[in-house]
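Secondary and tertiary structure notes
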Amino acid sequence: MSNKEIKMAICYDFDGTLSPGYMHEYGFFDMIKANSADFWKRADEMSKQQCSDSIIACMKLMLDEAKKYNLSFHRQDFQKLGANVELYPGVIEWFDRITNYAKSKNIILKHYIISSGVKEIIEGTPIANKFDKIFASSFMYDGNGIADWPAVAINYTTKTQFLYRINKGTLDETDNLSINKYISEEERDIPLTNVIYIGDGETDIPCMKMIKKEGGHSIGVYPPNNPDCPNKTKQLFTEKRVNFIAPADYSADKIIDVYVKNLIDKIAADHAIAEMERKTTEIF
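Here is what the cut-offs are and how they apply
- Residues numbered from 1 in each chain as written.
- Predicted model: local features only at pLDDT ≥ 70, side-chain atom pairs only at ≥ 80, totals over all residues.
- Heavy atoms only, no water.
- Axes fitted to C-alpha atoms, helices over the stretch in contact; angles between N-to-C directions.
- Helix = DSSP H or I, 4+ residues; strand = E, 2+ residues; numbered from the N terminus.
- Parallel < 35°, antiparallel > 145°, perpendicular 65-115°, else oblique.
- Left-handed = near helix turned anticlockwise from the far one by under 90°.
- Contact = heavy atoms within 4.5 Å.
- Nonpolar A, V, L, I, M, F, W, Y, C, P; charged D, E, K, R; others polar.
- Buried < 20%, exposed > 50% of the residue type's maximum accessible area, 1.4 Å probe, protein only.
- Phe/Tyr/Trp six-rings, centres within 6.5 Å; stacked < 30°, edge-to-face > 60°.
- Expected span 1.5 Å × (residues − 1).
- Arc of directions from axis to C-beta.

1. What to know about the packing of helix H7 (residues 159-168) against helix H8 (residues 205-213)
- Two elements in contact, H7 and H8, have axes separated by 8 Å at closest approach and are oriented at 40 degrees. By the criterion of interaxial angle, the relationship of H7 to H8 is oblique. Here H7 runs over H8; the crossing is right-handed. Contacts between H7 and H8 involve Lys159, Thr160, Leu163 and Tyr164 on the former and, on the latter, Pro206, Cys207, Met210 and Ile211.

Okay, here's the thing in structure tokens:
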């Protein structure tokens, strides 16, 4: 194997992928005295009435409902909610374990969140420091540091732009020049063939399909306490949106742990083979 280090990335959705349910359910809904079903119904109605993006409608409704109860949210208030977010089994230990495994194969592994959820809440979770970058919806703040409007709204189609940012190494969301600049495949930071995307549902489909098409690998996950794989997850596989489906249990030696380690082995082997072929070509 070549001594040259190989770069790869794992990109994750958040709600339903690393955590069961929606992050709003771990404190925010209690603060505005709302239940999950009612909130999402009203957010959907607002989206349709205003012809708005559904994520923007959700974020505006969060602020509107907070005002009804004289609640003001600073960035740190959202982050405090993140501390209460439940995570799937094995998630806490997953990142160091899988990163160290990749390192043993001479691979630099980076982790990224690409989520429609609230960035500030994710920043408050105990795994926030495990990510090289968190791409998620976020708020603008007024002069007093109080959230007053959506700043970034990431929906199912806009998620794909962040895969290209990771691919090119252009991680600054405000940089619209570098992301559109031509960079040859050989010069890109992380080849899409070396990207794994892990998600659970419809908002992940464009990313799943894109990564699979580009030679990377997409994984559909579902709640590990389900005795049977849900139909929506089976459909991701039968419709060839993903390469693999597995319970969202990230513990050592569970299905997803073994599969991802095998993918790391494959990336290392593919790189070694490519290097051998390149050296053979140079001889002639």
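From this point, the narrative continues.
2. Some remarks on the packing of helix H2 (residues 36-50) against helix H3 (residues 54-68)
- Contact geometry of H2 with H3 gives a least axis separation of 8 Å together with a crossing angle of 120 degrees. The angle between H2 and H3 places the two elements in the oblique class. Relative to H3, the crossing made by H2 is right-handed. On H3, the residues that touch Phe39, Trp40, Arg42, Ala43, Met46 and Ser47 of H2 are Ser54, Ala57, Cys58, Lys60, Leu61, Met62, Asp64, Glu65 and Lys68.
- Residues of the contact of H2 with H3, tallied by class, amount to 8 nonpolar, 2 polar and 5 charged.

3. Structural notes on H7
- Burial analysis of H7 places 8 of its 10 residues in the buried class, the great majority of the element.
- Inspection of H7 places Lys159, Thr160, Phe162, Leu163, Arg165, Ile166, Asn167 and Lys168 among the buried residues, and these make up the whole buried set.
- Residues of H7 that are buried sit in contact with strand E1 (6-12), strand E2 (107-118), strand E3 (133-141), strand E5 (195-199) and H8.
- Once H7 ends, the next one or two residues include Gly169, with phi positive near 80 degrees.

4. With respect to the packing of aromatic side chains
- Scanning all chains against the criterion turns up 15 aromatic pairs.
- Aromatic pair Tyr22 and Trp40: ring centres 4.7 Å apart, planes at 45 degrees, arrangement tilted. With Tyr22 in the loop between E1 and helix H1 (28-31) and Trp40 in helix H2, this residue pair connects regions lying 18 residues apart in the sequence.
- Taking the relative accessible area as the measure of exposure, Trp40 reaches 23% and is therefore partly exposed.
- Seen from their ring centres, Phe28 and Phe29 are 6.2 Å apart, and the 55 degrees between their planes marks the pair as tilted. Of the two residues, Phe28 and Phe29, neither departs from the other in class, the shared state being buried.
- Three or more aromatic residues link up through ring pairs in this structure, and these residues are Tyr22, Phe28, Phe29, Phe39, Trp40, Phe73, Phe78 and Phe139.

5. Notes on H2
- With 15 residues, H2 extends 21 Å from end C-alpha to end C-alpha; this agrees with the ideal 21 Å at 1.5 Å per step.
- Taken together, the buried positions of H2 are occupied by Phe39, Ala43, Met46 and Ser47. Considered in projection along H2, the buried side chains sweep an arc of 100 degrees and stay on one side of the axis. The exposed set on the far side of H2, more than 90 degrees from its buried face, consists of Ala37, Lys41, Lys48 and Gln49.

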